[in-house]
Amino acid sequence: LVTGVQTCALPILLARKAVCVLLAGATVALSAATASAANGAKTIEPSKAALQAAAQLRDRALQSNDAYDWLAAISTEVGPRQAGSRGDAAGVAWLRDKLTALGFSNVRTPEVIVPHWVRGEASFEVVAPYPQNMVTLAIGGSIGTPEDGITAPVVMVQDVPALQALKREQVEGKIVYFAGRTERTRDGSGYGKAVRSRQEGPSAAATLGAVGIVIRSIGTSNNRIAHTGTLTYNIGAPRIPAVAISNPDANLLERQLASGKPVNVRMRVTARDLPQVRSANVIGEIPGTDLANEIVLVGGHLDSWDPGFGVQDDGAGVIIAMAAAKLAANMEPKPRRTIRVIGFANEEFGLSGAFKYPADEGKENVDRHAFAMEADLGAGPVWKLSARVPDAHWPLILGIHRTVKNLGVELGDNKTGGGSDLGPLRRQGVPTLAPALDATHYFDIHHTPNDTLEQVDPAKLKQSVAVFAVSVYLAAMANGPVERIATEPNARN
Ligand code: ZN
Ligand code: ZN
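Described in the following lines is the structure provided in the data block. (Residues numbered from 1 in each chain as written. Chains lettered and ligands numbered in written order. Predicted model: local features only at pLDDT ≥ 70, side-chain atom pairs only at ≥ 80, totals over all residues. Heavy atoms only, no water.)

Looking at the coordination of the zinc ion (ligand 1)
Link 1 in the chain: Looking at the zinc ion (ligand 1), the protein donor atoms are Asp313 (OD), Glu348 (OE), Glu348 (OE) and His447 (NE2), and they sit 2.0 to 2.6 Å from it.
Link 2 in the chain: Its four donor atoms give the zinc ion (ligand 1) angles of 55 to 147° at the centre, a pattern that matches the irregular case.
Link 3 in the chain: Ordering the donors of the zinc ion (ligand 1) by residue number gives the pattern D-x34-E-x98-H.
Link 4 in the chain: Here the zinc ion (ligand 1) and the zinc ion (ligand 2) are spaced 3.3 Å apart, with Asp313 acting as a shared donor. (Donors = N, O, S within 2.8 Å, 3.2 Å for Na, K, Ca; no water. Tetrahedral: all angles 85-135°; square planar, octahedral: opposite > 155°, others 65-115°.)

Looking at the pattern of salt bridges
A pair can form between side chains of opposite charge whenever their charged atoms are brought close.
Link 1 in the chain: Tallying each qualifying case throughout the model produces 23 salt bridges.
Link 2 in the chain: Salt-bridge contacts for Arg58 lead to Asp59; the nearest nitrogen and oxygen are separated by 3.0 Å.
Link 3 in the chain: By relative accessible area, which is 12% here, Arg58 ends up buried.
Link 4 in the chain: For Asp59, a relative accessible area of 36% puts it in the partly exposed group.
Link 5 in the chain: Its salt-bridge partner being Asp367, residue Lys363 comes within 2.9 Å of it at the nearest N-O pair.
Link 6 in the chain: By relative accessible area, Lys363 is classed as exposed at 53%.
Link 7 in the chain: Salt bridges linked by common partners bring Arg108, Glu285, Arg340 and Glu361 together as one network. (Salt bridge = Lys/Arg side-chain N within 4 Å of Asp/Glu carboxyl O. Buried < 20%, exposed > 50% of the residue type's maximum accessible area, 1.4 Å probe, protein only.)

Things to note about the packing of helix 13 (residues 394-404) against helix 16 (residues 458-477)
Each pair of packed helices can be described by the angle between their axes along with the distance between the axes.
Link 1 in the chain: In contact at an axis separation of 10 Å, helix 13 and helix 16 are set at 145° when each is read in the N-to-C sense. Crossing handedness for the pair helix 13 and helix 16: right-handed. Along the contact surface, helix 13 presents Leu396, Gly399, Ile400, Thr403 and Val404, while helix 16 presents Val467, Val470, Ser471, Leu474 and Ala475.
Link 2 in the chain: Classifying every residue of the contact of helix 13 with helix 16 by side-chain character gives seven nonpolar, three polar and no charged. (Axes fitted to C-alpha atoms, helices over the stretch in contact; angles between N-to-C directions. Helix = DSSP H or I, 4+ residues; strand = E, 2+ residues; numbered from the N terminus. Left-handed = near helix turned anticlockwise from the far one by under 90°. Contact = heavy atoms within 4.5 Å. Nonpolar A, V, L, I, M, F, W, Y, C, P; charged D, E, K, R; others polar.)

Examining the coordination of the zinc ion (ligand 2)
Link 1 in the chain: Only His301 (NE2), Asp313 (OD), Asp376 (OD) and Asp376 (OD) from the protein coordinate the zinc ion (ligand 2), and they sit 2.1 to 2.7 Å from it.
Link 2 in the chain: Each of the four donor atoms bound to the zinc ion (ligand 2) contributes to angles spanning 53 to 148°, and the resulting shape is irregular.
Link 3 in the chain: Site description for the zinc ion (ligand 2): donor spacing in sequence, H-x11-D-x62-D.
Link 4 in the chain: Given a relative accessible area of 0%, His301 falls into the buried group.
Link 5 in the chain: Here Asp376 falls in the buried class, since its relative accessible area comes to 18%.

The analysis is restricted to geometry; functional conclusions fall outside its scope.
Shown next as structure tokens:
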């Protein structure tokens, strides 16, 4: 991994005195966890020199057009990168080549096996009382319908608990319509509440004998575009097809239901599963100096949905991570810890890359991760800085916040996990930094055909890169030892 570097071993081994030993050419397994055995975490904070450099780094990031140019390039040269698709493979090659061209070290693409679901076509129409074609997308992972589709009466519910309050005879043989709306929120919590209908709705409905489901799109757009995303079929339930209709179509369907006349619909889906495919996590590094054996991980997920170009979800995240690391690499003093950039494989269809990464690394190398962070909520701006670090390390977060406060960034809490791909690492105790991207408008375009470059504001993207760059740099510069966080076996985000 990191060889031929000067490793400052003693500050960790002796724990409290900054005495540095040069170990040229050696790889020393210094685990922050080993040090954390000591009772009571030590306060860590950036030095004055690091804070001065961080302010300069912030200003340079605000001047740089690189991130926008790279985001334009990946959306043009690759486009959508759905797991298992040709675009997925092209995205892996694109990021590998880009990291190499930018001078990252140890660029590699460890294999990740991913599902390969093919969308095919989907249609949804009201047959009666007032025939109407609706704008539809199959929900990711949905099975197909018979060739002629399924025609059935509709039963409307708000959400999964409301469905489960119904009796079997109210649902059997019908298509369940989930009407729950996605609330517009800055922190994305509205999505988190609404998404259960998409994830759990199909199996919950099938358990009561439904033949299909249709959901109001999990998204906030008033335009006539549908939002896709995944479902999870329970092993014990029959599999039934599932589609999402646009919000205006959902409104129209509800007006027809409100007429009191029986509403019949027809849905047709030609989606299918193909055999699993080899994809990859994509990794590149900026080697550190005296703490090179410790890692600051920053990334996003490289896969995307297929209707748009995967620009905000999550091309922007990968590009923000890459741009932040590259800017940090050019600062003096040089980053002490190794900065590792990662594009995770297949977040959308089940976090394949997120689980494979710590499995590949093994416990010993996971323990070398001082901090991890992910961008996966659009193209900015960052509005809040949160984290999940040992309480004694909070002064580091305060140092980062002081540097980016003038970019409109609030100080958040110390309870935030910072990204779905970080879950497996966090559950092994890796502390997270969580610059929060503003999700107010994100769910207008999320998982839709409108996830395009036109929706990205270059100034907001620059601001996001600046906040991530300062976070990455100061995390790489802080003194140590960095302790572990308490592990939460059931934490999701
Ligand atoms: Zn997504
Ligand atoms: Zn995402």
